[in-house]
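# Fold and geometry: a report
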Amino acid sequence: MTDAATGRSKSRRSRLIGEFLDKTLDPLAARQGFSESSLLLRWEAIVGARVAAICEPVKLQWPPRAKRRPADENQAGAKNRPAEKRDEPATLALRVEPGFGLDIQHMSAAIIERVNTHLGWRCVAKITMKQEPLAPRRVRPTKPPVDLAARRQAEAVTEGVADERLRAALVALGERALAKPAR
């Protein structure tokens with residue numbers, strides 16, 4: 001079987017690790033009511049860094065579904081029944097840092113709008129909160145301090161390069177290669 005766009009075998013085609021991650025996490029996320037893992041994985045991008053620092057999604061609670069009625073049921077009675085619950089949106093349960101519940105309550109309309117925009121449909125109608133400490137977030141590594149001697153040496157070596165973007169990349173690479181290891 002070959003891929004029409006590349007002409008290569010699909011089994012040998014390289015894939016992004018995100019494709020595997022989403023496929024692996026989706027069944028786990030489904031147990032918490034999430035139809036896909038993107039809401040969990042991209043929470044900070046969806047709601048912004050400030051909101052993501054004080055709350056995180058825990059689960060999507062869907063309303064109970066009505067049992068299906070037999071297809072041969074009288075259609076006259078169908079007019080009098082209320083709309084099926086399948087059209088009702090979910091409730092997003094959030095874990096909120098203690099002391100920030102009121103802030104999240106005031107921002108709930110904006111959070112709902114951002115989540116629904118991300119998912120592409122009116123999935124969430126309301127938010128519930130549970131105030132408890134969030135799991136510690138992994139700290140992103142900071143850039144090492146600049147070694148000025150290594151930078152000057154790398155700039156001197158790349159002086160003859162005409163393309164500015166190439167030269168900047170070579171200087172950055174040279175600076176890292178020539179820098180003395182931090183102790």
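Residues numbered from 1 in each chain as written. Predicted model: local features only at pLDDT ≥ 70, side-chain atom pairs only at ≥ 80, totals over all residues. Heavy atoms only, no water.

As defined by bridge partners, strand β2 (residues 90–96) adjoins strand β3 (residues 124–131) across 7 bridges and the pair is classed as parallel. Bridging from a neighbouring strand, Leu92 pairs with Ile127 of β3. (Pairing = 2+ DSSP bridges. Helix = DSSP H or I, 4+ residues; strand = E, 2+ residues; numbered from the N terminus.)

Attention shifts here to a nonpolar patch on the surface. The grouping of Leu166, Leu170 and Leu173 at the surface amounts to a nonpolar patch, some 250 Å² of accessible area in total. With respect to the secondary-structure elements, Leu170 resides in helix α7 (residues 164–178). Among the residues examined, Leu170 registers a relative accessible area of 32% and is labelled partly exposed. (Patch = residues over 30% accessible without salt bridge, like charges linked within 9 Å, V, L, I, M, F, W, Y side chains within 5 Å. Areas by Shrake-Rupley, 256 points an atom, 1.4 Å probe, with all protein chains shown as cover. Salt bridge = Lys/Arg side-chain N within 4 Å of Asp/Glu carboxyl O. Buried < 20%, exposed > 50% of the residue type's maximum accessible area, 1.4 Å probe, protein only.)

This part takes up the side chain of Glu175. Within the secondary structure, Glu175 is located in helix α7. For Glu175, the side chain forms a polar contact with the side chain of Arg151, separated by 3.1 Å. (Polar contact = N/O pair within 3.5 Å; in protein donor to acceptor, adjacent residues only side chain to side chain.)

What follows covers the sheet that holds β3. A sheet is described by the order of its strands in space; here 3 strands give the open sequence β1-β2-β3, paired in mixed fashion. At either margin of the open sheet sits one strand with a lone partner, and together these are β1 (55–61) and β3. Within this sheet the neighbouring strands show an average axis-to-axis angle of 30°, counted without direction. (Axes fitted to C-alpha atoms, helices over the stretch in contact; angles between N-to-C directions.)

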